[in-house]
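Structural characterization, general
So you can see what is in the structure, the chains are spelled out below.
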Amino acid sequence: MSRATLEKDPDDVTRMFDEAAARYDRTNSLLSAGRDRAWRARARTVLDLRPGERCLDVACGTGVSTTELARSGATVIGVDRSPGMVARGADRPVDLRVADALALPFADDSFDAVTIMFGLRNVVDPVAALTEMARVTRPGGRLVVCEFSHPTWAPFRAVYLRYLMRGLPWIARKVSSNPDAYTYLADTIRAWHDQHSLATAMREAGWSQDAWRDLSGGIVALHRALAPGSAGSAEE
């Protein structure tokens, strides 16, 4: 795949993830120095799932995030466009399905909550995906988007960008089953929305009362919002 902006061919992206699936989770943990586990746990806390609720985990990959969410006692379904990723997670004790974030195979108002962790920037039309997630979420239901973002302190941001351009691809060449995918992913992180513009995209898709919290100095931003028709609050 060529070096990325936010323009992408969805079939190319799917093939890339199929090829990266074998060592995907291990590579992610190494590249984040293990922080990916803390980021997912924080997303689960903010989503605040309860036993008896239904949650959809979009772009679930091999189901690591789906399994984390299911610790809450809620019924969690994970969907991903990559058959290779879903197959890799087949042994996990959760329901994983192949499905496109732009055409979710669920009825309106099917879920109490929906989340997407580190997958929204890989969707060809993020606003359309957020709109589709709102469709399948009941009025007042919760959304959490956990995604790479822009560090807020300029000196740290400069160091982080050097890591994305040099360190991340070097490590990926050593450990990944598809090193070229991580050059692409580093490019998409650099090209992705900052915190304010992602919040704007969420509102454009119909979500309300959006708010976010920076994690790890803004390397990751945890956005939360409520589905249309709510009278509640998205605050923690």
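Each chain has its residues counted from 1, following the order in which its sequence is written. Totals for whole chains, interfaces and linings use every residue, but because this is a predicted model, local features are given only for residues with pLDDT of at least 70 and side-chain atom pairs only at 80 or more, for both listing and counting. To obtain the side-chain values, all non-hydrogen atoms of the structure were used and water was disregarded.

A separate point is the overall build of the protein chain. Each helix is a run of H or I in the DSSP string that is no shorter than four residues. Each strand is a run of E no shorter than two, and both are numbered from the N terminus. Each helix and strand in the protein chain was counted, giving nine helices and seven strands. Radius of gyration means the value over C-alpha atoms here, while the globule rule gives 2.2 Å times the residue count to the 0.38 power. Expected size for 236 residues packed as a compact globule is a radius of gyration near 18 Å; at 17 Å, the protein chain falls within 12% of this value. Only protein chains enter the accessibility calculation, which uses a 1.4 Å probe; a residue is then buried when its area is under 20% of its type maximum, exposed when over 50%, and partly exposed in between. When the 236 residues of the protein chain are sorted by exposure, 51% land in the buried category. Areas reported here follow the Shrake-Rupley algorithm with a probe of radius 1.4 Å; residue values treat only the protein chains shown as occluding. Split by element, the accessible area of the protein chain, about 10,400 Å² in all, is 51% carbon and sulfur. A positive count includes Lys and Arg, and a negative count includes Asp and Glu. His and the chain ends are not counted in either. Throughout, a charge is located at the NZ atom of Lys, the CZ atom of Arg, the CG atom of Asp or the CD atom of Glu. In the protein chain, the 30 positive side-chain charges and the 30 negative ones have mean positions that sit 8 Å from each other.

Think of each axis as a best-fit line through the C-alpha atoms, taken over the contacting stretch in the case of a helix, with angles from 0 to 180 degrees between the N-to-C directions. Their axes nearest at 10 Å, the elements helix α2 (residues 24–31) and helix α7 (residues 154–175) cross at an angle of 140°. Between α2 and α7, the crossing angle belongs to the class labelled oblique. Handedness of the α2/α7 crossing: right-handed. Of the residues in α7, those touching α2 at Arg26, Thr27, Leu30 and Leu31 are Tyr163, Leu168, Ile171, Ala172 and Val175. Three residue categories are used. Nonpolar comprises Ala, Val, Leu, Ile, Met, Phe, Trp, Tyr, Cys and Pro, charged comprises Asp, Glu, Lys and Arg, and polar comprises the others, including Gly. Considering only residue class, the contact of α2 with α7 consists of seven nonpolar, one polar and one charged. Every angle not falling under 35 degrees, over 145, or within 65 to 115 is termed oblique; those three ranges are roughly parallel, roughly antiparallel and roughly perpendicular. Throughout, a crossing is termed right-handed when the near helix is turned clockwise from the far one, and left-handed when it is turned anticlockwise from it by less than a right angle. Throughout, a residue-residue contact means that at least one pair of heavy atoms, one from each residue, lies within 4.5 Å.

Moving on, we come to the packing of aromatic side chains. Side-chain rings of Phe, Tyr and Trp (the six-membered ring for Trp) are treated as a pair once their centres are within 6.5 Å; stacked means planes under 30 degrees apart, edge-to-face means over 60, and tilted covers the remaining angles. Under the defined criterion, the tally for this structure stands at five aromatic pairs. Taking the centre distance of 5.8 Å and the plane angle of 75° together, the rings of phenylalanine 17 and tyrosine 24 count as edge-to-face. Assessed through its relative accessible area of 12%, phenylalanine 17 is described here as buried. Ring centres 5.0 Å apart and planes at 85° place the aromatic pair phenylalanine 106 and phenylalanine 111 in the edge-to-face group. By relative accessible area, which is 11% here, phenylalanine 106 ends up buried.

Here, the term nonpolar core denotes a set of buried Ala, Val, Leu, Ile, Met, Phe, Trp, Tyr and Cys residues that are joined through side-chain atoms within 4.5 Å. Grouped together as the largest cluster of nonpolar side chains are 37 residues, with contacts concentrated most on Trp39, Leu49, Cys146, Phe148, Tyr182 and Val220. Counting only elements with at least two residues in this core, the list comes to α1 (10–20), α2, α3 (35–47), β4 (111–117), β5 (137–148), α7, α8 (179–191) and β7 (220–226). Ranked by the residues each element gives to this core, the list is headed by α8, at six residues. If we skip the residues at most four places from it in the chain, cysteine 146 touches Trp39, Ala43, Ile116, Met117, Phe118, Val220, Ala221 and Leu222. Among the nonpolar cores identified, the runner-up in size contains 28 residues, and Ala129, Met202, Trp207 and Ala225 belong to it.

This paragraph deals with the pairing of strand β1 (residues 54–58). With respect to burial, β1 is a largely interior element, four of its five residues being buried. Two strands pair under a simple rule: DSSP has to find at least two bridges between them. For β1 and β4, the ladder comprises four bridges, and the chain directions are parallel. Directly across from valine 58, in β4, lies its bridge partner isoleucine 116.

Time to look at α8. Here the expected length of a helix is defined as 1.5 Å per residue gap, with one fewer gap than residues. Helix length check: α8, at 13 residues, gives a terminal C-alpha distance of 19 Å against a target of 18 Å (1.5 Å per residue), a fit within 8%. Turning to α8, its buried residues are Ala181, Tyr182, Tyr184, Leu185, Ala186, Asp187, Thr188 and Ile189. Looking at the buried residues of α8, the elements they touch are α1, α2, β5 and α7.

With that settled, the discussion passes to the confidence of the model for the protein chain. Per residue, pLDDT captures the predictor's confidence, and it can take any value from 0 to 100. On average, residues of the protein chain carry a pLDDT of 91, and 94% of them reach 70 or more. Of the regions scoring below 50 in pLDDT, residues 1–5 engages in 13 contacts with residues more than four places distant in sequence or in other chains. Residue range residues 231–236 is modelled with pLDDT below 50. Its contacts to residues more than four positions away, or to other chains, number 15 contacts.

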